[in-house]
Amino acid sequence: MIQIKISDYVSSSNLRFLIDFFSGDYRPYDQDVFHQIVSCYDVSFIYNDIKNKNFYVGWAEWEYSDGEIHSPHDEEFSSYVNENNSCKITHNNFIKLAEQFMNMKKNHTSFAIIYRDDNDWIDCKGFDTQEEMEAFVQNNE
């Protein structure tokens, strides 16, 4: 199992939604996500803005609310998603990130960081030790 670093910054940013998705709900065989408007998983949702080729990955909070929180209908998701409840990622970035994540899993990477670079690209990097990971964080802050 890969331990993904969640710093104080990440836990307060929308990257946490993507980290949770790849940590538990990601299914490499699921290609429907590219064709469906909304895909719901155990704890996550993906809204697919097909026109602009973006995904919005977030928590399906209505799954835990005992009916207190309204689950948006597919046509409502475009106005539902925002920076507070989801992480926006382009289709191409999602594909690349998924490939990287699967390679890290296959190679039994012990630690990983998912981060947004200066060009707004979401990337991940694997490490063998926690010390290597922490050094990377310190050198890139």
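See the structure printed just above.
From a predicted model like this one, the values you see are computed outputs, not experimental measurements.

Looking at this model, I keep getting lost on the overall build of the protein chain. Mind explaining?
A tally of regular secondary structure across the protein chain gives five helices and seven strands. Going residue by residue from the N terminus, the α and β elements of the protein chain occur as β-α-α-β-β-β-α-β-α-β-β-α. Per-residue burial for the protein chain yields a buried fraction of 43% across its 141 residues. Pairs at least 24 apart in sequence give 50% of the contacts found in the protein chain among residues at least 6 apart.

Got a minute to help me understand the layout of surface pockets in this structure?
Once rolled over the atoms, a probe with the size of a water molecule shows which space is left empty. In this structure, the second largest pocket encloses a volume near 200 Å³. Lining the second largest pocket are 15 residues, and of these Cys-87, Lys-88, Ile-89, Arg-116 and Asp-120 sit closest to its centre. Contributions of two or more residues to the lining of the second largest pocket are made by strand E4 (54-59) and strand E5 (87-90). Among the elements that make up the lining of the second largest pocket, the one with the highest residue count is E5 (four residues). The residue inventory of the lining of the second largest pocket, partitioned by class, reads five nonpolar, six polar and four charged.

Which parts of the structure should I look at to understand the packing of helix H2 (residues 15-25) against helix H4 (residues 91-106)?
Each pair of packed helices gets described by two things: the angle between the helix axes and the distance between those axes. Contact pair H2 / H4: the axes reach a minimum separation of 11 Å and the direction vectors enclose 50 degrees. Judged by the angle between their axes, H2 and H4 are oblique. H4 is crossed by H2, and the crossing has right-handed handedness. Facing H2, whose interface residues are Leu-18, Phe-21 and Phe-22, H4 presents Phe-94, Leu-97, Ala-98 and Phe-101. Residue composition of the contact of H2 with H4, grouped by class: seven nonpolar, no polar and no charged.

Would you explain the packing of aromatic side chains in this entry?
How two aromatic rings sit relative to each other is set out by the distance from centre to centre and by the angle between their planes. Taken as a whole and assessed by the stated rule, the structure comprises 19 aromatic pairs. For the pair Tyr-26 and Phe-94, a centre-to-centre distance of 6.4 Å together with 70 degrees between the ring planes defines the contact as edge-to-face. On the criterion of sequence distance, the pair formed by Tyr-26 in the loop between H2 and strand E2 (38-40) and Phe-94 in helix H4 is long-range, its members being 68 residues apart. Taken as a pair, Tyr-26 and Phe-94 share a single burial class, namely buried. With centroids separated by 5.6 Å and ring planes inclined at 75 degrees, the aromatic side chains of Phe-77 and Tyr-80 adopt a geometry described as edge-to-face. With Phe-77 and Tyr-80 both in helix H3 (residues 77-80) and three residues apart, this pair spans about one turn of that helix. An aromatic cluster is defined as three or more aromatic residues linked by ring pairs; in this entry it consists of Phe-21, Phe-22, Tyr-26, Phe-34, Tyr-41, Phe-55, Phe-94 and Phe-101.

Criteria and thresholds
- Residues numbered from 1 in each chain as written.
- Predicted model: local features only at pLDDT ≥ 70, side-chain atom pairs only at ≥ 80, totals over all residues.
- Heavy atoms only, no water.
- Helix = DSSP H or I, 4+ residues; strand = E, 2+ residues; numbered from the N terminus.
- Buried < 20%, exposed > 50% of the residue type's maximum accessible area, 1.4 Å probe, protein only.
- Contact = heavy atoms within 4.5 Å.
- 1 Å grid on protein atoms, 1.4 Å probe; cavity = no way out; pocket = protein on both sides within 12 Å on 5 of 7 lines; lining within 4 Å.
- Points joined across faces, edges and corners; volume = space filled by probe spheres on them.
- Nonpolar A, V, L, I, M, F, W, Y, C, P; charged D, E, K, R; others polar.
- Axes fitted to C-alpha atoms, helices over the stretch in contact; angles between N-to-C directions.
- Parallel < 35°, antiparallel > 145°, perpendicular 65-115°, else oblique.
- Left-handed = near helix turned anticlockwise from the far one by under 90°.
- Phe/Tyr/Trp six-rings, centres within 6.5 Å; stacked < 30°, edge-to-face > 60°.

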